[in-house]
Amino acid sequence: MEPRGCSANGSVPELPLPGSAPPSPRSHRARPGAGGRRNSRATPLLPGRRDTPRAEAPARSWLSEPQGREREEAAQRVTKAVRAGEVDAKTRRQIFDAIGFTFPTRLLASGKPPPGCPDHTFRALGLTLLACFCTDPELAAHSQILNKIPTFNDILVSPCNPDSAPMVDDVYQCLSAVMATSRGPRELVTKGTVSALCQAYVNCSYGSDRVLALLLGLLAIAEEKCWQRDAPHLLAVLSKLSEDFLKTEDMTKFELCKVLPHFIPLSPPLTQDPQGSECLHRLYKGLANILGSKLSQSQRDPALKLAACLLQAYGSEWIPAGSAGSKFLALLVNLACVEVRLTLEEPDPLEVEGKKEVVTACYVLIEMGIQECLREEKPLLEEVQKMQLMRIMEEAFGAVIFYLRQVKQEELQDPFIFASVRILGAWMAEETSSLKQEICELLPFLVLYARRLFKEGSSAQSPPQPEVVSTEGSGLPQDALRLLLPGFCHLTAEDRPRDILISEGAPALLCEYFLHQWEVLTSKPGSLTPLTSTEMSLQTMCGIFLNLVVTAPDFIRQDKTFRSLMNTLMKSLPLLLPQKDHLALAANIATLGLMMARILADSTALQGTQRTKEFFGAAISFLSQAHTAQAEPGSDSLTLAVSPAYTSAWADISELWFLGMQALAGCIPLFPWLPQGVLQAQWLEGLSELLTRVAAASVDFELIAAFQGVLVELARASKPCRDVILSHHGREWANLYGMAALEQCLSEQ
């Protein structure tokens, strides 16, 4: 009889468990279907045979045995069959129903094994059973499996020798199965598996490829939580990956291009950590080496996607200043433009698998090129490089327009269409002189596309990203109209594109979109949300409507949609103005409302209703509080200055303020009750005092003209207003500031 211990051939021995009775003679008798010692090594089923899996017999043996040593020996034979890979789903369930989690749990907790066996023998047996159970998704999600995650982690970080490699394989199988369950990723992150995996990878432990696959899976599902809990460990992995990326000179370098984007966090930013900054520098050097060489398509594509990932996460911060950095950035944009042209100018440009992802990555690179070409403070690019890139990008956008003109109705839900419209919107927002003819011809499609996505809430998924998390949010409706607004704002200032936009129904769509965005902004009770893309969209739409008011007043007057917009403006300004963080939007709404009021003066909604008076009261408040008297340093005199509450936004709203003053002056003759609102606000008294106190030289001509325009209309339309001006030395300061029209008006009887 063989001694009880680990057999030389590596088969699983029949072991006495701690605390069990000594083996009885019966334990060595061969039983039908169970096999004895001489049949302990399993033989695989022959191809095509329909035999009962060999593990089913030990399972039946387990069920037929009484409690005690016999059942334990049957369980060991089950373990051997499991390790031999002879278990189908039905048999696996029979084994679990017979054994449950109790037996493998005892094995994991067992102490010293029999003489001659490795220390981990019992744990290995237990893990083999758990790995078998985990192939059943229902069992993989069981609390008994989830509770053993710390045990799995301990094995991962323990030294591994050849004897324990199968045990580590079982751990990988268990972890992979747990990660595939709904609760699994959260449990793995909270119970320290990310840290254990990182340590195993950095230490080059057994099965590094499987470690990396598990890490990639967890980062894909719960990137933010992983980095919040285990940033130092993940950073150590990134450090190793970036070192390998820089040093290796074979195809591994290009495989790493595919892996690295998963380890580029949006938060915390690597640029704020010395180790992270060093990683970025290695990635820059590695990419510079790659892209500066002659590459095949399969080698260039992952490099472009990695560069796009870095630019999307950190802008150009990771690219060093100086000649080398500027050449690298110019090369990136150049390669991206060439790739876009070569792809989109083909008859069937995107038939090749994975091509959409590559072109989308190129869009990210091109968008960065646009930003860098417009950057004035500490630019990376030299002026000559900027001019060259603008010409190259123009050619690329010609290809984008060509592609979009071929899009069929049934293709509109393709996420790549959204990505293409997005990058074109970025170009239209900044470059208004080139490709004007081509863009005008594309406008009907752009309006149609934006309307469809807005009206239907869009079932389009996020555009394919270069191996990074989408900033738009996976599965959320895509807002093409928001991306096109800046370009539309430029285009509505020009006759031909404005006429096309009007004929395609864009103004009505924009009015509806404005109402929707206002609801989004005010959706949180109590206060408005902080500055967001929603607020920026509302401001941009105000600019579009102002262009229409100035250039197409008859259209505004005839289109009933703008009466609804006017109601929204009147309702929103009184709510918006008290919240100083939203002064820029308030300025836009106040000015647009005043400009539209002049055109829609005959509207029922503007005939002295309470809402109308509240709107004009808020508009007067906005205009009247913009300036104050300020002490001049080193002097006793006062100067006129922008009010502190307006200072931070004045660069953005000063033109709107002057336009609003003109619009208010134009409204005064149209609304007989309006002067009374000015008197109630006591603006005339405050302005008279301001102009009397400050040094006349501190008030520039444009500001004097703005004040005079309003004062003259008030003096003409309202005797009470004229009397207030006169009683506050109006003639004297009108003469002092050269307000000839006001002087004449005040002199008339």
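For every chain, the first residue of the written sequence is number 1, and numbering continues from 1 onward in sequence order. Since the coordinates come from a predicted model, pLDDT governs what is reported: local features require at least 70, and pairs of side-chain atoms require 80 or more to be given and counted, while whole-chain, interface and lining totals use all residues. As a convention, hydrogens and water are excluded, and side-chain values are obtained from all of the structure's heavy atoms.

Asker: Looking at this model, I keep getting lost on the overall build of the chain. Mind explaining?
Answerer: Secondary structure follows DSSP: runs of H or I at least 4 residues long count as helices, runs of E at least 2 residues long count as strands, and numbering of each begins at the N terminus. In terms of helices and strands, the chain carries 36 helices and 2 strands. Note on classification: 1.4 Å probe, protein chains only; a residue is buried when its accessible area is under 20% of the maximum for its type, exposed when over 50%, partly exposed between these limits. In the chain, which comprises 749 residues, the proportion classed as buried is 52%. Contact definition: two residues touch when any of their heavy atoms are within 4.5 Å. Expressed as a percentage of contacts within the chain between residues at least 6 apart in sequence, the contacts between residues at least 24 apart total 73%. For the chain, the accessible surface area stands at approximately 33,900 Å², while carbon and sulfur atoms represent 51% of it. Surface accessibility follows the Shrake-Rupley procedure with a 1.4 Å probe radius. Residue values consider only the protein chains on display as shielding.

Asker: Got a minute to help me understand the pairing of strand β2 (residues 638–642) in this structure?
Answerer: Across the 5 residues that make up β2, a large majority, 4, are buried. Relative to β2, strand β1 (residues 627–631) runs antiparallel, the two being bridged by 5 bridges. Looking at the pairing, A631 lines up with L638 of β2. Hairpin connection of β1 to β2: 6 residues between the antiparallel strands, including G634 at a positive phi of 75°. Strands pair, by our definition, only if DSSP identifies at least two bridges between them.

Asker: Help me understand the packing of aromatic side chains, please; the structure alone is not making it clear to me.
Answerer: Aromatic rings from Phe, Tyr and Trp, with only the six-membered ring used for Trp, were paired whenever their centres fell within 6.5 Å, and each pair was classed as stacked if the ring planes differed by under 30 degrees, edge-to-face if by over 60, and tilted otherwise. Counted under the stated rule, the structure contains 19 aromatic pairs. Geometrically, the ring pair formed by W657 and F658 is edge-to-face, given 5.1 Å between the ring centres and 85° between the ring planes. Overall, the relative accessible area of 14% leaves F658 in the buried class. Members of the aromatic cluster, joined through ring pairs, are F514, F545, F555 and F562.

Asker: Honestly, helix α15 (residues 297–314) in this entry has me stumped. Any pointers?
Answerer: The α-helix advances 3.6 residues per turn, and as a result positions three or four apart in sequence lie on the same side. For a helix, the expected span equals 1.5 Å multiplied by the number of residues minus one. Under the 1.5 Å per step criterion, the end-to-end length of α15 is 26 Å for 18 residues, consistent within 8% with the ideal 26 Å. The buried fraction of α15 is high, at 15 of 18 residues. Within two residues after α15, G315 carries a phi angle of roughly 60°, on the positive side.

Asker: Please explain unusual backbone geometry as it appears in this structure.
Answerer: A negative phi holds for most residues other than glycine; trans holds for most peptide bonds. The phi torsion at C204 lies on the positive side, around 55°, for a residue other than glycine. Relative to the assigned elements, C204 resides in the loop between α11 (193–202) and α12 (208–247). Residue class for C204 comes out exposed when judged on its relative accessible area of 52%. Residues other than glycine seldom take positive phi values, yet L435 does so here, at roughly 55°.

Asker: Hey, could you run me through the environment of D559 in this one?
Answerer: Along the chain, D559 falls in the loop between α25 (553–558) and α26 (561–576). Residues D559 and A508, spaced 51 residues apart in sequence, show a C-alpha to C-alpha distance of 8.5 Å.

Asker: So what exactly am I meant to see when it comes to the packing of helix α20 (residues 436–455) against helix α21 (residues 480–491) here?
Answerer: Between two packed helices, the angle of one axis relative to the other and the distance separating the axes together describe the packing. With axes taken as lines fitted to C-alpha atoms, and helix axes fitted only over the stretch in contact, angles between N-to-C directions fall between 0 and 180 degrees. The N-to-C vectors of α20 and α21 enclose an angle of 145°; their axes lie 10 Å apart at closest approach. Crossing hand, α20 versus α21: left-handed. Here I439, L443, L446, V447, Y449, A450 and L453 of α20 lie close against α21, whose contacting residues are A480, L481, L484, F488 and L491. Its residues assigned to classes, the contact of α20 with α21 comprises 12 nonpolar, no polar and no charged. The sense of a crossing depends on the near helix, which, turned anticlockwise from the far helix by less than a right angle, makes the crossing left-handed and, turned clockwise, makes it right-handed. Each residue gets one label: Ala, Val, Leu, Ile, Met, Phe, Trp, Tyr, Cys and Pro are nonpolar, Asp, Glu, Lys and Arg are charged, and the others, such as Gly, are polar.

Asker: So what exactly am I meant to see when it comes to the pattern of salt bridges here?
Answerer: Note that side chains of opposite charge can pair when their charged atoms are close. Between Lys or Arg on one side and Asp or Glu on the other, a salt bridge is scored when a side-chain nitrogen of the former is within 4 Å of a carboxyl oxygen of the latter. This model, assessed by the stated rule, comprises 20 salt bridges. For E255, the salt bridge identified is with K258, shortest N-O distance 3.8 Å. Of this pair, E255 and K258 are both found in helix α13 (residues 252–259), 3 residues apart, which corresponds to roughly one turn of the helix. By relative accessible area, E255 is classed as partly exposed at 44%. Its relative accessible area of 46% is what places K258 among the partly exposed residues. Between R375 and E372 there is a salt bridge, with the nearest N and O atoms lying 3.0 Å from each other. Each of R183, E187 and K191 takes part in salt bridges that share partners, so that together they form one network.

Asker: Teacher, can you tell me more about the environment of E224 here?
Answerer: Locating E224 in the fold gives a position in helix α12. Its relative accessible area of 58% is what places E224 among the exposed residues. Sequence separation between E224 and S267 is 43 residues; the distance between their C-alpha atoms is 7.4 Å.

Asker: How do you make sense of the packing of helix α14 (residues 274–291) against helix α16 (residues 323–344) when you look at a structure like this?
Answerer: For the pair α14 and α16, interaxial distance at closest approach is 11 Å and the crossing angle is 55°. With respect to α16, the axis of α14 lies oblique. Regarding α14 and α16, the two cross each other, and that crossing is left-handed. Two secondary-structure elements touch here, α14 through Y284, L287, A288 and L291 and α16 through A324, G325, F328, L331, L332 and L335. Within the contact of α14 with α16, the residues separate by chemical class into 9 nonpolar, 1 polar and no charged. In what follows, roughly perpendicular refers to angles from 65 to 115 degrees, roughly parallel to angles under 35, roughly antiparallel to angles over 145, and oblique to any angle outside these ranges.

Asker: Got a minute to help me understand the confidence of the model for the chain in this structure?
Answerer: Reading fine detail from the predicted coordinates is not recommended where pLDDT is low. The predictor's confidence in any single residue is recorded as pLDDT, a number from 0 to 100. Here the chain averages 84 in pLDDT, and 84% of its residues register 70 or above. A low-confidence stretch, residues 1–68 (pLDDT under 50), is modelled with 112 contacts involving residues beyond four sequence positions or located in other chains. This stretch, residues 458–476, has a pLDDT under 50; its non-local contacts, to residues over four places away or in other chains, come to 48 contacts.

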